[in-house]
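# Report on the structure
Each chain, written out:
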Amino acid sequence: MRHSRIDTRTACLLLLSVLAVFYTLYFASAIILPMILALVVNLLLSSPLRFLHTRLHLPKPLAALCLILCVFGVVGAVGTAISVPATGWLERAPDAINTVQERLAFLRGPFQLLTGASDRIHNFLSIAGGHATVAATDQTTPDGHVIIVSTPTGGGGVAGLDRFSSSILLGTQAFMGQFFTMILMLFFLLAQGDSLLRRFVEIMPTFADKRRTVQIAYQIERNVSEYLATITIINSLVGVVNMVQCWLLGMPNPLLWGVMAFLLNYIPIIGPMMGIIIYFLVGLFVYPSVWQALLPPAIYLCIHLTEGETITPMVLARRFTLNPVLVMASLMFWDWLWGIFGAFLSVPLLAVFKIICDHVEILTPLGHIVGGPAHPAPQKPLFTEMPDTATPDEDASRLDD
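Residues numbered from 1 in each chain as written. Predicted model: local features only at pLDDT ≥ 70, side-chain atom pairs only at ≥ 80, totals over all residues. Heavy atoms only, no water.

### What to know about the overall build of the protein
Put simply, the rule is: Secondary structure is summarised from DSSP: a helix means a run of H or I of at least four residues, a strand means a run of E of at least two, and numbering begins at the N terminus for each. Note on contacts: a residue pair is in contact if any heavy atoms of the two residues lie within 4.5 Å.
Counting its secondary structure elements, the protein contains 15 helices and two strands. Relative to all contacts within the protein whose residues are 6 or more apart in sequence, the contacts with residues 24 or more apart total 67%.

### Section: the packing of helix α7 (residues 207-248) against helix α8 (residues 254-264)
Test applied: Only C-alpha atoms enter the line fits that serve as axes; for helices the fit covers just the stretch in contact. Angles between N-to-C directions range over 0 to 180 degrees. Each angle receives one of four descriptions, namely roughly parallel if under 35 degrees, roughly antiparallel if over 145, roughly perpendicular if within 65 to 115, and oblique otherwise. Crossing handedness: left-handed means the near helix sits turned counterclockwise from the far one by under a right angle, and right-handed means the same turn made clockwise. Each residue is assigned to one of three groups, with Ala, Val, Leu, Ile, Met, Phe, Trp, Tyr, Cys and Pro labelled nonpolar, Asp, Glu, Lys and Arg labelled charged, and all others, Gly among them, labelled polar.
The geometry of α7 relative to α8 is characterised by a closest axis approach of 7 Å and an angle of 150° between their N-to-C directions. Comparing the axis directions of α7 and α8 gives the class roughly antiparallel. By crossing handedness, the relation of α7 to α8 is classed as right-handed. Along its contact with α7, which presents T232, N235, S236, G239, N242, M243, C246 and W247, the element α8 presents P254, L255, W257, G258, A261 and F262. Residues that form the contact of α7 with α8 fall into these classes: eight nonpolar, six polar and no charged.

### Side note on the packing of helix α2 (residues 29-55) against α7
One can describe the packing of α2 onto α7 by two numbers: an axis separation of 8 Å at closest approach and a directional angle of 95°. By the angle between their axes, α2 is roughly perpendicular relative to α7. Seen from α2, the contacting residues are V40, L43, L44, S46 and R50; seen from α7, they are I220, E221, V224, S225, L228 and A229. The residue inventory of the contact of α2 with α7, partitioned by class, reads seven nonpolar, two polar and two charged.

### Things to note about the nonpolar core
Threshold: Residues enter a nonpolar core if they are buried and are Ala, Val, Leu, Ile, Met, Phe, Trp, Tyr or Cys, with the set joined through side-chain atoms within 4.5 Å. For every residue, the accessible area (1.4 Å probe, protein chains only) is compared with the maximum for its type, and the residue is labelled buried under 20%, exposed over 50%, or partly exposed between those bounds.
Ranked by size, the top nonpolar core spans 38 residues in total, and within it L190, L322 and W338 carry the most contacts. At nine residues, α2 tops the list of elements feeding residues into this core. Apart from residues no more than four positions distant in its own chain, W338 is found in contact with L25, S29, I32, L33, I36, L345 and L349. Grouped together as the second largest cluster of nonpolar side chains are 15 residues, L256, V259, M260 and Y287 included.

### Here we look at the pattern of salt bridges
Our working definition: Salt bridge criterion: a side-chain nitrogen from Lys or Arg within 4 Å of a carboxyl oxygen from Asp or Glu.
Considering all chains together, one arrives at six salt bridges under this definition. The salt bridge partner of E226 is R222, with a shortest N-O separation of 3.6 Å. Here E226 and its partner R222 are both found in helix α7, four residues apart, which amounts to about one turn of the helix.

### Here's the deal with helix α12 (residues 324-338)
Going by this rule: By definition here, a helix of n residues has an expected span of 1.5 Å times n minus one. Arc, as used here, means the arc of the directions from the helix axis to the C-beta atoms. Throughout this description, a polar contact denotes any pair of N or O atoms lying within 3.5 Å of each other; where both atoms belong to protein, one of them has to be capable of donating a hydrogen while the other can accept it, and for residues adjacent in sequence the pair is counted only when both atoms sit in side chains.
For α12, built from 15 residues, the straight-helix expectation of 21 Å at 1.5 Å per residue is met to within 8% by its first-to-last C-alpha distance of 21 Å. Among the residues of α12, V327, S330, L331, W334, L337 and W338 are the ones counted as buried. Buried residues of α12, seen end-on, are gathered within an arc of 145° and therefore sit on one face of the element. Summarising the geometry of α12, the exposed residues directed more than 90 degrees from the buried face are V325 and W336. Among the residues of α12, the N-terminal cap falls to N323, whose side-chain oxygen and the backbone nitrogen of V325 are separated by 3.0 Å. The first or second residue beyond α12 is G339, which carries a positive phi of 75°.

### Here we look at the UniProt feature "transmembrane region" (unreviewed entry) in the protein
Short version of the rule: UniProt positions are given in the numbering used here, feature names are shortened, and annotations may be inferred rather than shown by experiment.
Within the UniProt annotation, "transmembrane region" (unreviewed entry) is assigned to residues 12-41, 61-82, 168-191, 227-250, 262-287 and 336-356. Annotated as 97% helix and 0% strand, the span residues 12-41 places its first and last C-alpha atoms 35 Å apart. Note that residues 227-250 is 92% helix and 0% strand, and that its end C-alpha atoms are spaced 34 Å apart.

### Here's the deal with helix α13 (residues 340-359)
Under the convention used in this document: The bend reported for a residue corresponds to the angle between axes fitted to the seven residues ending at that residue and the seven starting there.
Its 20 residues give α13 an end-to-end C-alpha distance of 30 Å, which sits within 8% of 28 Å, the value for a rise of 1.5 Å per residue. If you look at α13, its biggest bend is around 45°, right at S346, and the proline P348 turns up within four residues after that. Within the span of α13, buried status applies to G342, A343, L345, S346, V347, P348, L350, A351, K354, I355, C357 and H359. Taken together, the buried residues of α13 touch α2, α7, α12 and α14 (364-370).

### Here we look at the packing of aromatic side chains
Going by this rule: Two rings belonging to Phe, Tyr or Trp (six-membered ring only in the last case) form a pair when the distance between their centres is within 6.5 Å. Interplanar angles under 30 degrees mark stacking, angles over 60 mark edge-to-face geometry, and anything in between is tilted.
A full pass over the atoms with the stated rule returns 13 aromatic pairs. Considering the side-chain rings of F72 and F179, the 5.8 Å spacing of their centres and the 85° angle between planes classify their relative orientation as edge-to-face. One end of the pair, F72, is in helix α3 (residues 60-91); the other, F179, is in helix α6 (residues 157-202), with 107 residues separating them in the sequence. Among the residues examined, F179 registers a relative accessible area of 24% and is labelled partly exposed. These aromatic residues form a ring-pair network of at least three members: F22, Y23, Y26, F27, F333, W334, W336 and W338.

What follows is the structure, given as structure tokens:
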């Protein structure tokens with residue numbers, strides 16, 4: 001009986017600890033998120049850094065600076081190329097909205113019915129709760145339908161525009177602050193990350209613990225960096241193919257839509273769905289009929305299905321297989337916690353969690369659950385382990401590399 005109470009107490013403490021960690025991640029996201037992004041980008045750049053340091057004999061700080069400048073150069077070049085057409089589309093947004101509304105006029109009736117029902121329910125709940133926040137009036141149309149017109153009680157006009165502009169300014173300032181925090185952290189991780197890992201290994205009490213720590217670090221770097229590099233190459237091909245199809249179909253600014261497809265493809269499931277919707281809306285503005293507007297998103301969907309169901313599983317299945325249900329759950333959770341950056345980090349964080357579980361005995365069942373579905377044919381392990389015959393000198397040499 002006492003053993004049962006101890007287990008219950010331990011489970012409750014573990015649950016409270018997990019909740020405390022999640023609350024900390026949420027409320028301290030302004031400082032934690034840039035650090036996590038820097039760690040992930042560091043894994044992506046670890047192989048180029050090793051090449052510059054070992055083959056070209058550049059000092060690590062100089063190699064790290066070169067890599068960061070290269071990343072800045074690529075991002076700046078692409079951003080400059082798409083900034084002008086993106087600004088043009090933003091300026092044409094009101095005309096685009098009017099055009100889309102005209103093309104989708106046949107859906108106006110069902111939408112009005114749904115909107116009227118939603119307003120009635122909201123008004124009823126507000127009155128029942130005793131704190132109505134809108135002033136609603138009923139207007140009867142000639143055909144007998146009742147339309148509820150709601151007037152918000154909040155201010156609008158110039159004051160609302162000022163608040164909107166202020167929120168954009170504050171959001172931009174916060175983003176730039178987090179961006180430079182990430183870049184600064186990334187530089188020191190690239191330049192001195194190995195020394196930090198070495199110090200961490202040195203404080204482990206036993207040789208088995210030291211070896212396990214080296215294995216975890218080695219596998220996290222190898223698998224996550226390979227995953228990010230492979231996904232980046234695949235997403236680049238997806239962006240190029242979408243750019244070509246937009247050019248062939250006569251859509252303006254094909255480079256803009258190709259870059260958008262490239263970026264959205266980093267977010268599993270949700271990203272391509274958003275891309276399909278955007279392609280359809282742009283098609284409604286560009287083409288004269290709805291059926292022609294359906295062609296670009298239909299091709300986008302075929303490209304995504306080919307990539308997501310054939311190419312990516314074929315490339316990653318033997319080295320990076322995760323449970324699809326947990327991948328989706330991780331995507332929704334991190335998107336809720338950290339937004340778009342959390343959605344980008346969802347798969348790498350889930351992979352790091354599995355690697356740690358595979359090397360910690362008490363968490364091994366969780367690692368087995370996180371793994372992908374079983375296949376009838378024998379395959380290589382999900383994460384390739386370091387040889388058991390390695391000596392301490394070999395472990396140290398891997399740290400040096």
